[in-house]
Amino acid sequence: MNVAVVGGQWGDEGKGKIIDVLAERADYIVRYQGGNNAGHTVKTGGEKFVLHLIPTGILRPEKKCVIGNGVVVDPLAFSSEVNMLRSRGVDPAGRLYVSDRAHLLLPFHRELDGLRERLRGEGRKIGTTRRGIGPAYADKASRSGLRLCAILRSDFSRRVEERCREVSRMLQALGGESVNVEKTVAEIVDAAEVLRPFICDTVTLLHDAVRRHERILFEGAQGTLLDLDFGTYPFVTSSNASACGVAAGAGIPPSQVGRVLGVIKGYTTRVGEGPFPTELNDDTGTLLREDGHEYGATTGRPRRCGWFDAVAARYAVMVNGIDLWAVTKLDVLDRLDPIRICVGYEYRGRRLEGFPADSEVLAEVTPIYEEVPGWRVPTRGVGSFDDLPSQTQDYLWRICRLTGVPLGMISLGPERTDTVVLKDPFSEDAK
Ligand code: GDP
Ligand code: IMO
Ligand code: MG
């Protein structure tokens, strides 16, 4: 059985932590989309790691990790992440495989990302991480991208140079800085040398793993509501962050995706712009931000915070086919009483069925709330479901009832050990 771990909200649900726990039970941990816009945090034994591009599973010494064809790889970010890991005693050599079909993210993509945001003007900005993700995927879709297999060719530097010159002309026409071609080519050729030994045919590698019935854990980045097709377009990322991206981004058949574990916080957060119906711009929002340390793991931006949104969660269940929930950060709700859950949306006097496609409609909806009692006792590190206050148990049951998905895991603190596994998603009879 393989398992895909996907974000059920707008990212930062605690996927890194959940993946770190499940990685112990897997053979391969595979990133299938996104790039170093992700920030996945793992805390273990008082140490904190934040992974952006390399799968979180790398922190488990014996595990094999794959960066799949669907990922966009910034060689500079890759090289600095490898250095960070090595400096902290984690060696990815011999157990990290990067797809030769993955696309390169080059410095001018970052430049274009910033420039496009500036050109959008106030009120229309997406609030991207400015890592160059959108422009790199745009090059892939418009068939002008360079892939990692190009690094293995003797004319790699000439190809980078050609592409830099093309983009430089475009940047100048848009009013941006021209590309410093010599500097960029030199930087990229250097960083590509770090990347080179990791590049291989990961499609065949994973097919062989599937044939041997090895366990694959797919590590989603971002979240369903940031998915290019199903998220709150245009305030989304440029890849399929939901489970539908797994097969295309890892190169395995859809029938092998296996079980889908959705990760959700006991409340909601969002970084960047775009509609967010349950957002709280008051003391409760501030309490969630401070108690939950809701500041971006990639950009350090304060995250917008709000109540749990069961309408959005039901939509995530539908889009991903979520089999089990992992509910995280319940301890952050310890001081709140009552707690509110959004159970419906009202739009211009009528109740909406489903999650609207139009972000302007979503921005106008009024959430319909249900109130449940809080528990007002610390739950950080509670080791079993039965030891939780009855109100916490009821809150979890309510989320499961409203979304029609059983509870697989709960998280009550950032440490690896602050996790309770109720149903092992890898086991055949977990549903
Ligand atoms: P990801 O992008 O989905 O991997 O999530 P991030 O790592 O960006 O953000 C999650 C943050 O919450 C990190 O700082 C984690 O250390 C922290 N975290 C994860 N689970 C819990 C939890 O159950 N309780 C608390 N208090 N913090 C948690
Ligand atoms: P993890 O994997 C939260 C958001 C950005 C912006 C939008 C587009 O840590 O959950 P992009 O740079 O991708 O073009 O930005 O998506 N975003 C994330 N928000 N967590 C993430 O990743 C995110 N990756 C991108 O803030 O709103
Ligand atoms: Mg994150």
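Residues numbered from 1 in each chain as written. Chains lettered and ligands numbered in written order. Predicted model: local features only at pLDDT ≥ 70, side-chain atom pairs only at ≥ 80, totals over all residues. Heavy atoms only, no water.

### Regarding the site of ligand 2
And step 1. In the vicinity of ligand 2, 20 residues are found, and the nearest of them are Asp 12, Lys 15, His 40, Thr 129 and Thr 237.
And step 2. Between Asp 12 and ligand 2, the recorded distance is 2.8 Å, taken from a backbone N or O atom to an oxygen atom.
And step 3. Separating an oxygen atom of ligand 2 from a backbone N or O atom of Gln 222 is a distance of 2.8 Å.
And step 4. Burial of ligand 2 by the surrounding chains reaches 98%, relative to a free accessible area of 550 Å².
And step 5. For the shell around ligand 2, the per-class residue count stands at seven nonpolar, 10 polar and three charged.
And step 6. Looking at which domains feed residues into the shell around ligand 2, each of domain 1 (3-93 + 201-421) and domain 2 (103-198) gives three or more. (Near = heavy atom within 4 Å. Polar contact = N/O pair within 3.5 Å; in protein donor to acceptor, adjacent residues only side chain to side chain. Areas by Shrake-Rupley, 256 points an atom, 1.4 Å probe, with all protein chains shown as cover. Nonpolar A, V, L, I, M, F, W, Y, C, P; charged D, E, K, R; others polar. Domains from an automatic or database assignment.)

### Focus on the pairing of strand 2 (residues 28-31)
And step 1. Burial along strand 2 is two-sided: Tyr 28 and Val 30 facing one way and Ile 29 and Arg 31 facing the other are all buried.
And step 2. The sheet contact formed by strand 2 and strand 5 (residues 64-67) spans four bridges and is parallel. The residue of strand 5 that forms the bridge with Arg 31 is Ile 67.
And step 3. Sheet topology note: the strand 2/strand 10 (residues 216-219) ladder contains four bridges and is parallel. Following the sheet pairing, Tyr 28 is matched in strand 10 by Ile 216. (Buried < 20%, exposed > 50% of the residue type's maximum accessible area, 1.4 Å probe, protein only. Helix = DSSP H or I, 4+ residues; strand = E, 2+ residues; numbered from the N terminus. Pairing = 2+ DSSP bridges.)

### Section: the pattern of salt bridges
And step 1. This model, assessed by the stated rule, comprises 34 salt bridges.
And step 2. Between Asp 12 and Arg 303 there is a salt bridge whose closest N-O contact spans 3.0 Å. Here Asp 12 is found in the loop between strand 1 (3-7) and helix 1 (15-23), whereas its partner Arg 303 is found in the loop between helix 9 (283-291) and strand 13 (304-306), with 291 residues between them in sequence.
And step 3. A salt bridge links Arg 165 to Glu 182, with the nearest nitrogen and oxygen atoms 3.6 Å apart. Of the two residues, Arg 165 is situated in helix 5 (residues 156-173) and Glu 182 in helix 6 (residues 181-195); the sequence distance between them amounts to 17 residues.
And step 4. By sharing partners, the salt bridges in this structure join Asp 12, Lys 265, Glu 294, Arg 303 and Lys 329 into a single network. (Salt bridge = Lys/Arg side-chain N within 4 Å of Asp/Glu carboxyl O.)

### A look at the site of ligand 1
And step 1. Of all residues adjacent to ligand 1, which total 19 residues, the nearest are Lys 15, Gly 16, Thr 41, Asp 331 and Ser 411.
And step 2. Contact between ligand 1 and Lys 15: an oxygen atom at 2.8 Å from a main-chain N or O atom of the residue.
And step 3. Ser 411 places a side-chain nitrogen or oxygen 2.5 Å from an oxygen atom of ligand 1.
And step 4. Bound to the protein, ligand 1 loses 94% of the 590 Å² it would expose on its own.
And step 5. Sorting the residues of the shell around ligand 1 by element identifies helix 1 and strand 3 (40-44) as the ones contributing at least two each.
And step 6. If one sorts the elements of the shell around ligand 1 by residue count, helix 1 sits on top with three residues.
And step 7. Here the shell around ligand 1 is composed, by residue class, of four nonpolar, seven polar and eight charged.

### Considerations on a nonpolar patch on the surface
And step 1. Together, Leu 119, Met 170 and Leu 174 make up an exposed nonpolar region whose accessible area comes to about 280 Å².
And step 2. Take Met 170: it is sitting in helix 5.
And step 3. Taking the relative accessible area as the measure of exposure, Met 170 reaches 40% and is therefore partly exposed. (Patch = residues over 30% accessible without salt bridge, like charges linked within 9 Å, V, L, I, M, F, W, Y side chains within 5 Å.)

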